[in-house]
Amino acid sequence: NSAADLQPLSYPGALGTFLYGINDAGWIIGTIQETACYYIGSEYTCNDRCALWKPDANGAYSNPIPFDAPGQSDTVCTGINGLGQIVGSYLNSDSTLSTPFVDDAESGDPNAPANFSTIPDTDYAGNFVDLTPYGINNNGLIDGEGGIGISGLFFLLSGSDLHEFTAPMIIQQLNGINDDAQMVGYLWVPP
């Protein structure tokens, strides 16, 4: 498209705006950074919030709907499907691990607590896995990465079943999944 088709999106007063996904209805999901982020020892402190932009009848966007996981702060949203289901994560109380979630915002209100559910964060053996979801397709399959630190674990979540896999190359991140369960991302190839 031409530069005339570009529409900058932001949130009043935010330090940064990051857009991660768009669905066929034009709903855009992203994250707004309201304050600077910093480390105190091993604790990471930030004030990120999810934001949902929905176009009006003319296809124009105005201010987004900001939201957090219920009772949480530092919430990041990374994917949206055609049904309006949103995936993301929030930092736990000690700011060291994240909790992945799905916000089933089909109603159009991502702030409704009834829309939220957490994603199981244990593998087939019952071990804790620090999961970060990045994409969700219209069948509810979620892709992303996980592990404590950099472990090379990537997952496909189907219902409550976590399917882990690794690749022959060093995958850095899986960013999206389509309805045929094809996934995209990027990898690092050693020199």
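What comes next is a walk through the structure.

## With respect to the pattern of salt bridges
Between side chains of opposite charge, a pair can form as their charged atoms come close. Taken as a whole and assessed by the stated rule, the structure comprises one salt bridge. Between aspartate 68 and arginine 49 there is a salt bridge, with its nearest N and O atoms 3.0 Å apart. Taken together, the residues aspartate 68 in the loop between β6 (65-67) and β7 (75-80) and arginine 49 in strand β5 (residues 48-53) connect sequence positions 19 residues apart. Residue aspartate 68 is classed as buried on the basis of its relative accessible area, which comes to 19%.

## Digging into the environment of aspartate 121
Within the element layout of this structure, aspartate 121 appears in the loop between β10 (116-118) and β11 (131-136). Each C-alpha atom of the pair aspartate 121 and glycine 146 lies 9.0 Å from the other, and the pair is 25 residues apart in sequence. Excluding residues that lie within four positions of it along the chain, aspartate 121 makes contacts with Asn127, Phe128, Val129 and Leu131.

## Comments concerning the packing of aromatic side chains
All chains considered together, the criterion is met by two aromatic pairs. Taken together, Tyr90, Phe101 and Phe116 form an aromatic cluster joined through their ring pairs.

## Considering the layout of surface pockets
A probe as big as a water molecule, rolled over the atoms, marks out the empty space that is left. Estimated volume of the second largest pocket: approximately 420 Å³. Lining of the second largest pocket is provided by 21 residues; of these, Ile80, Gly135, Ile136, Gly176 and Ile177 occupy positions nearest its centre. Mapped onto the lining of the second largest pocket, the elements with two or more residues apiece are β1 (16-22), β7, β11 and β15 (170-177). The leading source of residues in the lining of the second largest pocket is β15, at four residues. Tallied by class, the residues present in the lining of the second largest pocket amount to six nonpolar, 13 polar and two charged.

## Here's the deal with the state of the cysteines
Under the defined criterion, the tally for this structure stands at one disulfide. Two residues share a disulfide in this structure: cysteine 50 and cysteine 77, whose sulfurs sit 2.1 Å from each other. Classification of the bridge connecting cysteine 50 and cysteine 77 rests on its S-S torsion, roughly 90 degrees, and on that basis the disulfide is right-handed. Placement of cysteine 50 in strand β5 and of cysteine 77 in strand β7 is noted, with a sequence separation of 27 residues between them. Of the two residues, cysteine 50 and cysteine 77, neither departs from the other in class, the shared state being buried.

## Let's talk about the pairing of β11
Burial analysis of β11 places five of its six residues in the buried class, which makes it a mostly covered element. When β11 meets strand β12 (residues 142-146), the two strands line up antiparallel, connected through five bridges. Bridge pairing in β12 places threonine 132 opposite glutamate 145. Where β11 folds back on β12, the antiparallel hairpin that results is connected by five residues, among which glycine 140 adopts a positive phi of roughly 85 degrees.

## Brief notes about the sheet that holds β6
A sheet is described by the order of its strands in space; here four strands give the open sequence β1-β2-β5-β6, paired in antiparallel fashion. The open sheet has two edge strands, β1 and β6, and neither has a second partner. Taking the axes of each pair of neighbouring strands and ignoring which way they run, one obtains an average angle of 30 degrees across the sheet. With three bridges joining them, β5 and β6 adopt antiparallel strand pairing. Residue pairing across strands places cysteine 50 opposite phenylalanine 67, the latter belonging to β6.

Rules and cut-offs
- The numbering scheme is per chain: residues are counted from 1 as the chain's sequence reads.
- Local features in a predicted model are, by the rule used here, given only for residues with pLDDT of at least 70; side-chain atom pairs are given and counted only at 80 or more, and totals for whole chains, interfaces and linings are based on all residues.
- To get the side-chain values, all heavy atoms of the structure are used, and hydrogens and water are removed first.
- Criterion for a salt bridge: a side-chain nitrogen of Lys or Arg within 4 Å of a carboxyl oxygen of Asp or Glu.
- Helical segments are the DSSP runs of H or I of at least four residues, strand segments are the runs of E of at least two, and each set is numbered from the N terminus.
- To sort residues, take the accessible area from a 1.4 Å probe on protein chains only and compare it with the maximum for the residue type: under 20% means buried, over 50% means exposed, and anything in between is partly exposed.
- In what follows, residue pairs with any heavy atoms lying within 4.5 Å of each other are defined as contacts.
- Aromatic pairs are defined between Phe, Tyr and Trp rings, using the six-membered ring for Trp, whenever the two ring centres lie within 6.5 Å; interplanar angles under 30 degrees are classed as stacked, those over 60 as edge-to-face, and all others as tilted.
- Here the term cavity refers to a set of points on a 1 Å grid, laid over the protein atoms alone, in which a 1.4 Å probe fits but cannot get out; the term pocket refers to an open set having protein on both sides within 12 Å along at least five of seven lines, with lining residues being those that place an atom within 4 Å of a point.
- Grid points are joined across faces, edges and corners, and a volume is the space filled by probe spheres set on the points.
- The nonpolar class holds Ala, Val, Leu, Ile, Met, Phe, Trp, Tyr, Cys and Pro. Asp, Glu, Lys and Arg form the charged class, and all remaining residues, Gly among them, are polar.
- Note that a disulfide, as used here, is simply two cysteine sulfur atoms within 2.5 Å.
- Being paired, for any two strands, means DSSP has found at least two bridges between them.
- Lines are fitted to the C-alpha atoms to define the axes, a helix being fitted only along its stretch in contact, and any angle between axes, read from their N-to-C directions, falls within 0 to 180 degrees.

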